[in-house]
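Residue-level structure breakdown
Residue strings, one per chain:
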Amino acid sequence: MRSLQPIGVFDSGVGGLTVVRHILERLPAERVVYLGDTANVPYGGRSPRELVYLGRTIIDFLVGQGAKVVVAACNTSSSVSLPLLRECYPVTLLDVISPGACDAVQATRNKRVGVLATQTTVSSRAYTRHIQALDPAVSVFEVPCPQFVPLVEAGLLDGVEVEAIAASYVRPLLRRDIDTLVLGCTHYPFLAPVLKRLVGEEVTLVDPAEGTVRRLQQVLAEQNIASERASVQAPHRFYATGATDSFYKVGGMVAGICTECIQRVNLFEGVANG
Ligand code: DGL
């Protein structure tokens, strides 16, 4: 029965756990099989060619693990490789950009939206395209944040250094008078308390994970593959292609993620730099 099969989720590292958190909260009967590509993190400066190669290898693995649908819980992959890979699989591949763009358009009152994302996501202009396709009157200001992913993977989520780096990314957006800020990388919700302090109450933070999980719920219903009750025999599974330290440091903060479930899997042997 397809309904009993897991939901595949992937990211370059622990960022996608911010999406898993919403899946576990909203869809408690579902099981997750997660892959964090810690052998190749960060994705944020990688080329489209590398991202397609990495994405294909990971999606093949998740489909091989029985995934009934796959969520690219990575904005970088969602913006660059997912559009090219979608047609290649029999299961639905969900991205995080279109739901995030949709929630940003709903949230903004003054039609000025900021986006924090990786360099590759910013260069793709995926958020600007998606937001302006929904409402051409919205101005979008995108800022690359290359230092955020290494901080989160190292478990550094707060403190003077983090705050100074975050301020340097956010200040130019505040000068643009944004009223909505999209956390356009799944690692960034781990930094939400710092970011919220910096932007204040006037600016709405949008975590694309929320819209993504609403979309996931719709897809499961439309395809009649939603699980009705959690299986005690089949726990969630978490895989890392490289170091697992970040899963212990950061993953442990996400309710429902048991650090004993984390296993290493060797998908890439000395690849992904070409
Ligand atoms: N968390 C990912 C994203 O949403 C990847 C970040 C990275 O590895 O640079 O883009």
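The structure under discussion appears in the preceding block.
Residues numbered from 1 in each chain as written. Predicted model: local features only at pLDDT ≥ 70, side-chain atom pairs only at ≥ 80, totals over all residues. Heavy atoms only, no water.

1. Notes on the state of the cysteines
Tallying each qualifying case throughout the model produces 0 disulfides. Free cysteine C88: the closest other cysteine sulfur is in C74, separated by 17 Å. Looking at the unpaired C185, the closest cysteine sulfur is the one in C74, lying at 6.9 Å. Looking at C185, the relative accessible area reads 5%, which means it is buried. (Disulfide = S-S within 2.5 Å. Buried < 20%, exposed > 50% of the residue type's maximum accessible area, 1.4 Å probe, protein only.)

2. Quick word on the pairing of strand 1 (residues 7-11)
By the criterion of burial, strand 1 is predominantly enclosed, with 5 of the 5 residues buried. Of the two faces of strand 1, the one holding I7, V9 and D11 and the one holding G8 and F10 are both buried throughout. Two strands pair when backbone bridges link them, and strand 1 and strand 2 (residues 32-36) are joined in this way by 5 bridges, in the parallel orientation. Of the residues in strand 2, the one forming a bridge with D11 is G36. As judged from the 4 bridges shared by strand 1 and strand 3 (residues 69-72), these two strands associate in the parallel manner. Bridged to F10 within strand 3 is A72. (Helix = DSSP H or I, 4+ residues; strand = E, 2+ residues; numbered from the N terminus. Pairing = 2+ DSSP bridges.)

3. Thoughts on the site of the ligand
In the region of the ligand, 14 residues are neighbours, and S12, Y43, N75, T76 and H187 sit closest. A distance of 2.9 Å is found between a nitrogen atom of the ligand and a side-chain nitrogen or oxygen belonging to D11. Here an oxygen atom of the ligand and a backbone polar atom of Y43 are 2.7 Å apart. Taken by itself the ligand offers 300 Å² of open surface, and the protein chains cover 99% of this. Counting atoms within 2 Å of the grid points, the majority share of the ligand lands in the largest cavity. When its residues are assigned to classes, the shell around the ligand shows 6 nonpolar, 7 polar and 1 charged. (Near = heavy atom within 4 Å. Polar contact = N/O pair within 3.5 Å; in protein donor to acceptor, adjacent residues only side chain to side chain. Areas by Shrake-Rupley, 256 points an atom, 1.4 Å probe, with all protein chains shown as cover. 1 Å grid on protein atoms, 1.4 Å probe; cavity = no way out; pocket = protein on both sides within 12 Å on 5 of 7 lines; lining within 4 Å. Sits in = over half its atoms within 2 Å of the grid points. Nonpolar A, V, L, I, M, F, W, Y, C, P; charged D, E, K, R; others polar.)

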